[in-house]
Amino acid sequence: MNSRMDHSIMNILSLSKTWLAVALVTASAAAMAHDVWVEPKGDGYVVLYGHGEKLDDYDVLKLKTLTALDVNGRALPVRGVVGDGPSPVVVQVDGKPALTLMVFDDGFWTKTSDGWKNLPKNGVTGPLESAFEMTLAKTVLSWEPLVTRAYGLPLEIVPVSAQAPVKGSTLQVKVLWDGKPLVGAKIALPGPDKPAPAQTDAQGIASIPVVGGRQIISVVHKVTPKNEPRTDVLAYTANLVIDAR
């Protein structure tokens, strides 16, 4: 395993400092993974969590960082967190973001005879399987050259072109793991007919069919930790959220 990624869970958020300049200061296995994305709301942006159209509540402390970048790739000030309840988080940004980056720590999930619990493996009776879940999320708000850059996330999906996708076309993306192309990665595709995943080639590139409206493209990569009693697997999910005409 690459030395950068051979970390304990306590150090799992030690990511590139270049894009962590703007952070929110708030205090399952692949089947449990949720998507995380940003949508405009009023004069701010709301952070949503769920599967497709089904939204779920979440602990706001799980949102570890949110970075908003303008068209030139500069971090914009995030002016606080507002909202009526524990979730969803709503942020206001000074300026117009073209891209948002988020780290969402979903914590430990362990399956028992009673179902899945948001607890470590060594914190339940009779664990059947467990995972530590982390989502690394990108939302494209404006198609500019900055969307084709990599931002140092452990796992990320990068569009190959800055041209805005159109319904019925294809979008080429590259999947990177620790900054290098991830070969043979299976990218989950949306759709009521549950299309087969797209698989990356030797350069980590795959072609994604573009549907109309919001589209969430996601990939999961799992790592088996050493000497870790709290979980069997470190499960990273990267998503890329786009809108197409």
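For the structure itself, consult the block above.
Source: prediction; values computed, not measured.

About the thresholds
Along each chain, residue indices are assigned from 1 in the same order as the chain's sequence is written. Whole-chain, interface and lining totals are the exception, using all residues; otherwise, since this is a predicted model, local features are given only for residues with pLDDT of at least 70 and side-chain atom pairs are given and counted only at 80 or more. Calculated side-chain values reflect all of the structure's heavy atoms, with hydrogen atoms and water omitted. Among the buried residues, those of types Ala, Val, Leu, Ile, Met, Phe, Trp, Tyr and Cys that are joined through side-chain atoms within 4.5 Å form a nonpolar core. Burial classes follow relative accessibility: with a 1.4 Å probe on protein chains only, a residue under 20% of its type's maximum area counts as buried, one over 50% as exposed, and anything between as partly exposed. Put simply, DSSP H or I for four residues or longer makes a helix, DSSP E for two residues or longer makes a strand, and each gets a number counted from the N terminus. Working definition: a ring pair exists when centres of Phe, Tyr or Trp rings (six-membered ring for Trp) sit within 6.5 Å. Plane angles under 30 degrees give stacked, over 60 give edge-to-face, the rest tilted. Polar contact is defined as a pair of N or O atoms within 3.5 Å, subject to the rule that within protein one atom must be able to donate a hydrogen and the other to accept it, and that residues adjacent in sequence are counted only when both atoms are side-chain atoms. Contacts are assigned to residue pairs that have any heavy atoms within 4.5 Å of one another. Should DSSP find at least two bridges between two strands, the strands are regarded as paired. What makes a salt bridge here is a side-chain nitrogen of Lys or Arg within 4 Å of a carboxyl oxygen of Asp or Glu, nothing more.

(A) Spatial organisation of the nonpolar core. Among the nonpolar cores identified, the biggest contains 38 residues, and L155, I157, V175, I187, I208, I217 and V219 are the most heavily contacted of them. With six residues, the single largest contributor to this core is strand β17 (residues 234-244). The next biggest cluster of nonpolar side chains, apart from the first, holds 16 residues, and it includes V38, Y45, L66 and F104.

(B) View of the packing of aromatic side chains. Applying the stated criterion across every chain yields a total of five aromatic pairs. Taking 5.5 Å as the distance between ring centres and 55° as the angle between the ring planes, the aromatic pair formed by Y49 and Y58 counts as tilted. Exposure class is identical for Y49 and Y58. Each is buried. Here the aromatic cluster, defined as three or more aromatic residues joined through ring pairs, consists of Y49, Y58 and F104.

(C) View of the side chain of K62. With respect to the helices and strands, the residue K62 is situated in the loop between β3 (54-55) and β4 (63-69). Among the polar contacts made by the side chain of K62, one reaches the side chain of D106 at a distance of 2.8 Å. Within the structure, the side chain of K62 is placed 2.7 Å from the side chain of N118, a separation counted as a polar contact. In this structure K62 touches V103, F104, D105, D106, W109 and N118, once residues within four positions along its chain are discounted.

(D) Geometry of the pairing of strand β7 (residues 99-112). Burial analysis of β7 places 13 of its 14 residues in the buried class, the great majority of the element. Judged from the six bridges that link them, β4 and β7 form a sheet pairing that is antiparallel. Within β7, the position partnered with L69 by the bridge is L99. Looking at chain direction, β7 and strand β9 (residues 129-140) are connected through 12 bridges and run antiparallel. Residue pairing in the sheet places F104 in a bridge with T135 of β9. In this sheet, strand β8 (residues 115-117) lies alongside β7 in antiparallel orientation, the contact comprising three bridges. Across the sheet, the residue bridging to T110 is K117, located in β8. Joining the antiparallel neighbours β7 and β8 is a turn of two residues.

(E) Representation of the pattern of salt bridges within the structure. Across all of its chains, the model carries six salt bridges by this definition. In this structure, the salt-bridge partner of E39 is R214, at a minimum N-O distance of 2.6 Å. Taken together, the residues E39 in strand β1 (residues 35-41) and R214 in strand β16 (residues 213-223) connect sequence positions 175 residues apart. Here D232 and K121 are joined by a salt bridge, their closest N and O atoms 2.7 Å apart. In this pair, D232 sits in the loop between β16 and β17 while K121 sits in the loop between β8 and β9, placing the two residues 111 residues apart along the sequence.

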